[in-house]
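# A structural walkthrough
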Amino acid sequence: MESARILIIEDNHTDAKLIEHETIKFNSGVNTRIINSLDDLIISISEFSPNIILSDFDLRSFNAFDVLNIIENSNQNIPCVIVTGVINDEETVARLVLKGAAGFIQKKNMSHIKEKLHQVLVELDNSFSTNFEIFENKLQLLHRIRKIQFDFNQIAQNLPELSEFNTDFSKNMEDVIIEIESLYKKLPLLKDK
């Protein structure tokens, strides 16, 4: 696997540098970026393309729920580990997990960052082959639909009475393709057991 790109979301400079230090101890070749705003998160997802996000739970003007919402809305399957010292209730933890948090690290135990990064990267690596197969299946399905469209169009050109039906048929097939694309975008990363 190429050198991991890890995005750190933290508004406390000291904590950010400590998290970065522990991350580099995990792998000296890791590429890190530290940000502290939602605007920077949106830009970083697009331009930096992080493999993993390490996010503080409670920042000045937003929290981890906002971070997870942006990740979800970006249609990217980027694991987000919450690094925090303030989550004390199980309900909040459960809500974060349901929203997509990949794990939690207590700030008082920063040395656990290495373990969590290793775990998440192994899961990402293991999921690659399964997700590649899903992507290939989607392409094969779309190719088959396009072939049916093409073949029917060829038949309709030789039979004028089918031309109106062919227009409806082509529109319906395009709608099916849009639905398939939408469904595949919503598929989560699959983890091999």
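Residues numbered from 1 in each chain as written. Predicted model: local features only at pLDDT ≥ 70, side-chain atom pairs only at ≥ 80, totals over all residues. Heavy atoms only, no water.

## Brief notes about the overall build of the chain
- Check the secondary structure of the chain and you find six helices and five strands.
- Its helices and strands taken in sequence order, the chain reads β-α-β-α-β-α-β-α-β-α-α from the N to the C terminus.
- Looking at the chain residue by residue over its 193 residues, the buried ones come to 37%.
- Taking contacts inside the chain between residues at least 6 apart in sequence as the whole, the part at least 24 apart equals 71%. (Helix = DSSP H or I, 4+ residues; strand = E, 2+ residues; numbered from the N terminus. Buried < 20%, exposed > 50% of the residue type's maximum accessible area, 1.4 Å probe, protein only. Contact = heavy atoms within 4.5 Å.)

## Things to note about the packing of helix H3 (residues 64-73) against helix H4 (residues 90-99)
- The interhelical angle for the contact between H3 and H4, taken along N-to-C directions, is 10°, at an axis separation of 10 Å. The pairing of H3 with H4 is recorded here as roughly parallel in orientation. Contacts from Ala64, Phe65, Leu68, Asn69 and Glu72 in H3 reach Thr92, Arg95, Leu96 and Lys99 in H4.
- By residue class, the composition of the contact of H3 with H4 is four nonpolar, two polar and three charged. (Axes fitted to C-alpha atoms, helices over the stretch in contact; angles between N-to-C directions. Parallel < 35°, antiparallel > 145°, perpendicular 65-115°, else oblique. Nonpolar A, V, L, I, M, F, W, Y, C, P; charged D, E, K, R; others polar.)

## Observations regarding the nonpolar core
- With 22 residues, the main nonpolar core has Ile9, Leu41, Ile53 and Leu96 as its most contacted residues.
- Sorting the residues of this core by element identifies strand E1 (5-9), helix H2 (38-47), H3 and strand E4 (80-84) as the ones contributing at least two each.
- Looking at this core element by element, the count peaks at six residues for H3.
- For Leu96, the contacting residues outside a window of four places in its chain are Phe57, Ala64, Phe65, Leu68, Ile87, Ala101 and Phe104.
- Ranked by size, the runner-up nonpolar core spans 14 residues in total, among them Ile6, Val83, Ile113 and Val120. (Core = buried A, V, L, I, M, F, W, Y, C linked by side-chain atoms within 4.5 Å.)

## Examining the packing of aromatic side chains
- Inspection of every chain in the model, using the stated rule, returns four aromatic pairs.
- Centre to centre, the rings of Phe165 and Phe169 are 6.3 Å apart; their planes meet at 25°, and the pair counts as stacked. Taken as a pair, Phe165 and Phe169 lie in helix H6 (residues 163-185) at a separation of four residues, close to a single helical turn.
- The partly exposed category is assigned to Phe165, whose relative accessible area is 46%.
- The rings of Phe152, Phe165 and Phe169 are connected pair by pair, giving a single aromatic cluster. (Phe/Tyr/Trp six-rings, centres within 6.5 Å; stacked < 30°, edge-to-face > 60°.)

## Concerning the confidence of the model for the chain
- Residues at a pLDDT of 70 or more form 84% of the chain, whose mean pLDDT is 81.
- For the stretch residues 189-193, pLDDT sits under 50, and the model shows 13 contacts to residues farther than four places along the chain or on other chains. (pLDDT = per-residue confidence, 0-100.)

## Section: the side chain of Asp56
- Mapped onto the fold, Asp56 is located in strand E3 (residues 52-56).
- Owing to a relative accessible area of 6%, Asp56 belongs among the buried residues under this scheme.
- Looking at Asp56, its side chain comes within polar contact range of the side chain of Lys107, at 3.4 Å.
- Aside from chain neighbours lying at most four places away, what touches Asp56 is Ile9, Glu10, Asp11, Ala64, Val83, Thr84 and Lys107. (Polar contact = N/O pair within 3.5 Å; in protein donor to acceptor, adjacent residues only side chain to side chain.)

## Let's talk about the pattern of salt bridges
- Within this structure, the stated rule accounts for eight salt bridges.
- As a salt-bridge pair, Lys107 and Asp56 come within 3.4 Å of each other at their nearest N and O atoms. With Lys107 in the loop between strand E5 (101-106) and helix H5 (112-158) and Asp56 in strand E3, this residue pair connects regions lying 51 residues apart in the sequence.
- Sharing partners across several salt bridges, the network here consists of Glu10, Asp15, Asp56 and Lys107. (Salt bridge = Lys/Arg side-chain N within 4 Å of Asp/Glu carboxyl O.)

## With respect to H2
- Here H2 has its buried residues at Leu41, Ser44 and Ile45. All buried residues of H2 lie within an arc of 100° about the axis, which places them on one face of the element. Those residues of H2 that are exposed and angled more than 90 degrees off the buried face are Asp39, Ser46 and Glu47.
- Contacts made by the buried residues of H2 are with E1, strand E2 (31-35), E3 and H3. (Arc of directions from axis to C-beta.)

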